[in-house]
Amino acid sequence: MHALFRLSAALAVVAGTGWLAGCSTPPRPTAEAEPPAPVIAAPAPAAPAPAVVAPAPAEPAFTGKVSLATSERDYRRDGAQHLYERYGERVYRGKLPPLLQAVGVMRVTIGPRGELQRFEWMRAPDHVPHVKAEIERMVLAAAPFPAPKRLGSVVYTDSWLWDKSGRFQLDTLTEGQLDRLPASAPTPAAKPASARVRQTALPRAARQNVAQGETSPETAQSAAR
């Protein structure tokens, strides 16, 4: 009897334990590690569009005077002739007087299109500043010069020969210079009008006697009357 009771109690304990085991919440399975989110690279900035450079405008055709000189010496004549044409009314015609107001030596640089690139004095007429300034103004205003087609560019030197009248010559085209001022020819003294009248009024024979000294003009005039 007691043995049966103990068996029944044991069975009850086992049954209760199984029931509790069945009712317990099973442990949650360990969460698997999620794969890292993919890294999305930012798109590279678009390359800037190439700048469109407008073509340089075509250089206009040269229509000025052209020099075919092949040396500095040849171009110097073309440059002097250009200045003479530009300032024809100020060129001294004929030989210059023996004394000049100023002499200046200038070196000029001419570009391929006849542009005046530079000028400098090799010998400046500093004692007459107004003449120096006037020559500089004339050279600047005479540009463009003949384009040195064969030389590309040229540097030439010329001398300005300046008269006190404000006229000039260039040494390249000068007509020379007088050694001295021309002497003024003496003016013959005029004979008295009365004597001329008396002589022209005499007859031919009387004039011959006067010329030979045989009689005086007054005597011949009285005889003619």
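Residues numbered from 1 in each chain as written. Predicted model: local features only at pLDDT ≥ 70, side-chain atom pairs only at ≥ 80, totals over all residues. Heavy atoms only, no water.

Asker: Help me understand the overall build of the protein in this model?
Answerer: Counting its secondary structure elements, the protein contains 6 helices and 6 strands. The order of α-helices and β-strands along the protein, N terminus first, is α-β-α-β-β-α-β-β-β-α-α-α. Here the protein holds 225 residues, and 24% of them are scored as buried. Across the protein, contacts joining residues at least 24 apart in sequence account for 69% of those joining residues at least 6 apart. Only carbon and sulfur atoms are counted for the fraction: they give 59% of the accessible area of the protein, which is about 16,600 Å². (Helix = DSSP H or I, 4+ residues; strand = E, 2+ residues; numbered from the N terminus. Buried < 20%, exposed > 50% of the residue type's maximum accessible area, 1.4 Å probe, protein only. Contact = heavy atoms within 4.5 Å. Areas by Shrake-Rupley, 256 points an atom, 1.4 Å probe, with all protein chains shown as cover.)

Asker: Can you help me understand empty space enclosed by the protein in this one?
Answerer: Over the atoms a probe the size of a water molecule is rolled, and this reveals where empty space is left. Evaluated as defined, the whole model comprises 1 cavity of 30 Å³ or more. What lines the largest cavity is simply Ala80, Leu83, Met106, Val108, Val139, Phe145, Tyr156, Asp158, Trp160 and Leu170. When residues in the lining of the largest cavity are grouped by element, the largest group, 3 residues, is from strand β5 (residues 154-162). Here the residues of the lining of the largest cavity are counted per class, giving 9 nonpolar, no polar and 1 charged. (1 Å grid on protein atoms, 1.4 Å probe; cavity = no way out; pocket = protein on both sides within 12 Å on 5 of 7 lines; lining within 4 Å. Points joined across faces, edges and corners; volume = space filled by probe spheres on them. Nonpolar A, V, L, I, M, F, W, Y, C, P; charged D, E, K, R; others polar.)

Asker: Please explain the confidence of the model for the protein as it appears in this structure.
Answerer: Any region with low pLDDT has predicted coordinates that should not be read closely. Across the protein, pLDDT averages 79, with 62% of residues at or above 70. Note on residues 193-202: pLDDT under 50 across the span, and 8 contacts to partners over four residues away in sequence or across chains. (pLDDT = per-residue confidence, 0-100.)

Asker: Would you take a moment to explain the side chain of His82 for this structure?
Answerer: Residue position: His82 is located in helix α2 (residues 72-86). Classification of His82 as buried rests on a relative accessible area of 8%.

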